[in-house]
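Next come the chains, spelled out residue by residue.
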Amino acid sequence: MGVKSRILIVGGTGYLGKRLVKASLEQGHETYVLHRPEIGVDIEKIQLLLSFKAQGARLVSGSFDNHESLVEAVKLVDVVICAISGVHIRSHQILLQLKLVEAMIEAGNVKKFYPSEFGTDPATMENCIEPGRITFDDKMVVRKAIENAGIPYTYISANCFAGYFVGGLYQPGQILPSRDSVLLLGDGNQKVICVDEDDIATYTIKSVDDPRALNKSLYIRPPQNILSQNEVIQLWEKHIGKKLKKSSISKDEFLAMKKEQDYAEQVGLTHYYHVCYEGCLANFEVADDVEMSKLYPEVKYTTVEDYLKRYI
Ligand SMILES: NC(=O)c1ccc[n+]([C@@H]2O[C@H](COP(=O)([O-])OP(=O)(O)OC[C@H]3O[C@@H](n4cnc5c(N)ncnc54)[C@H](OP(=O)(O)O)[C@@H]3O)[C@@H](O)[C@H]2O)c1
């Protein structure tokens, strides 16, 4: 096994980004984290960056408004992993990555780029409804720029972050499991794939120096985490020792309700629609050589059942 790649994490203070920094350090990579001057006096981010430094990461100053600074940052490493925001209820900055691609073209040294994806494979979402399709359309614009530039890549399709989906028993707008009643999306029988966020980071870093991952889309489908809403509710009921009162919302009612929400919420509801009514995550086959729980069986992933126990 050769020397491990040096990794730059962009968006390192974010929800997923901070886990990528941790996993990169844990797996023994020389780890660099972009420090954007724009974060100013955001004391939480500064403290987090300092904690990365204390754990051995190197902080690199760089701004999306300063091309040269991005070029200098990417020149320091072999692999760039971007976890810039892409959830409208928080922030959506996916197209800023085009500037990172420009920097990598000029630097010319990057052996692999992981754009900020980590969700539903955007290549499977051509028929996504408005307004949620912007997430996938923008991610595809970034893919096109990467591939046109000839930058080697790995795309990670991580399916649902467990914190959003398992936490809320798949109910949009909820991230804590209910103890009295629950709203089923349709019949609650579509299979959904949920992944612990730390596991997403672990699998991603595992693939960095793996030739099997080069220029591929990889999928995280831990077998025990492919569960319908009804199955997740049953697990929760078992742990709290109580049955929840159930009601359901039909597809048409759900889509009508979506129209009453603000834009950011509509984007999120669109995603819930495709995941929970159409089963868009699990309704296609994935070969074993691109499924990360099969590529890296040594990773003891967190099951949805164990994830749920955190909320008891
Ligand atoms: N599958 C799912 O269920 C799911 C759920 C959530 C997210 N995701 C995906 O995961 C990825 C990361 O999302 P996240 O929720 O972890 O992101 P996040 O925490 O909202 O933001 C990540 C980072 O983006 C950077 N950022 C934000 N605004 C910026 C700006 N204006 N200019 C430059 N950088 C900016 C910041 O990094 P610094 O301040 O550190 O530079 C921030 O910490 C996205 O692609 C998203 O679509 C998937």
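Parameters and conventions
- Residues numbered from 1 in each chain as written.
- Predicted model: local features only at pLDDT ≥ 70, side-chain atom pairs only at ≥ 80, totals over all residues.
- Heavy atoms only, no water.
- Helix = DSSP H or I, 4+ residues; strand = E, 2+ residues; numbered from the N terminus.
- Expected span 1.5 Å × (residues − 1).
- Near = heavy atom within 4 Å.
- Polar contact = N/O pair within 3.5 Å; in protein donor to acceptor, adjacent residues only side chain to side chain.
- Areas by Shrake-Rupley, 256 points an atom, 1.4 Å probe, with all protein chains shown as cover.
- Nonpolar A, V, L, I, M, F, W, Y, C, P; charged D, E, K, R; others polar.
- Core = buried A, V, L, I, M, F, W, Y, C linked by side-chain atoms within 4.5 Å.
- Buried < 20%, exposed > 50% of the residue type's maximum accessible area, 1.4 Å probe, protein only.
- Contact = heavy atoms within 4.5 Å.
- Axes fitted to C-alpha atoms, helices over the stretch in contact; angles between N-to-C directions.
- Parallel < 35°, antiparallel > 145°, perpendicular 65-115°, else oblique.
- Lys, Arg positive; Asp, Glu negative; His and termini not counted.
- Salt bridge = Lys/Arg side-chain N within 4 Å of Asp/Glu carboxyl O.

**A look at helix 5 (residues 133-149)**
Right, so step 1: Relative to the 24 Å expected for 17 residues at 1.5 Å per residue, helix 5 spans 24 Å between its end C-alpha atoms, a close match to the ideal helical length.
Right, so step 2: Just downstream of helix 5, G150 is the residue with a positive phi angle, here 70°.

**Quick notes on the site of the ligand**
Right, so step 1: Taken together, 29 residues lie near the ligand, and T13, R36, K45, R90 and N159 sit nearest.
Right, so step 2: Between the ligand and the protein, one listed contact pairs an oxygen atom with a backbone N or O atom of L16 at 2.9 Å.
Right, so step 3: Contacts to the ligand include R36, whose side-chain N or O atom sits 2.7 Å from an oxygen atom.
Right, so step 4: Contact with the protein chains hides 88% of the accessible area of the ligand, taken as 910 Å² for the molecule alone.
Right, so step 5: Taken together, the residues of the shell around the ligand break down into 13 nonpolar, 11 polar and 5 charged.

**Quick look at the nonpolar core**
Right, so step 1: Counting residues in each nonpolar core, the largest one holds 37 residues, and the members touching the most others are L20, I81, F118, I156, I200 and I220.
Right, so step 2: Looking at this core, the elements with two or more residues in it are strand 1 (7-10), helix 1 (17-26), helix 2 (43-54), strand 4 (79-82), helix 7 (197-206), strand 12 (216-219) and helix 11 (292-295).
Right, so step 3: If we skip the residues at most four places from it in the chain, L20 touches I9, I81, A83, F118, A201, T204 and I205.

**Here's the deal with the packing of helix 4 (residues 97-107) against helix 5**
Right, so step 1: Contact geometry of helix 4 with helix 5 gives a least axis separation of 10 Å together with a crossing angle of 10°. Taken together, the axis directions place helix 4 and helix 5 in an arrangement best described as roughly parallel. In this structure, helix 4 contributes Q97, L98, V101 and I105 to the contact, and helix 5 contributes V141, V142, A145, I146 and A149.
Right, so step 2: Here the contact of helix 4 with helix 5 is built from residues that sort into 8 nonpolar, 1 polar and no charged.

**Quick word on the side chain of E197**
Right, so step 1: Within the secondary structure, E197 is located in helix 7.
Right, so step 2: Among buried charged residues, E197 stands out as having no salt bridge; its nearest opposite-charge side chain is R19, 5.0 Å away.
Right, so step 3: Leave out the neighbours within four places in its chain, and E197 touches Y15, L16, R19, F161, A162, G163, Y164 and Y307.

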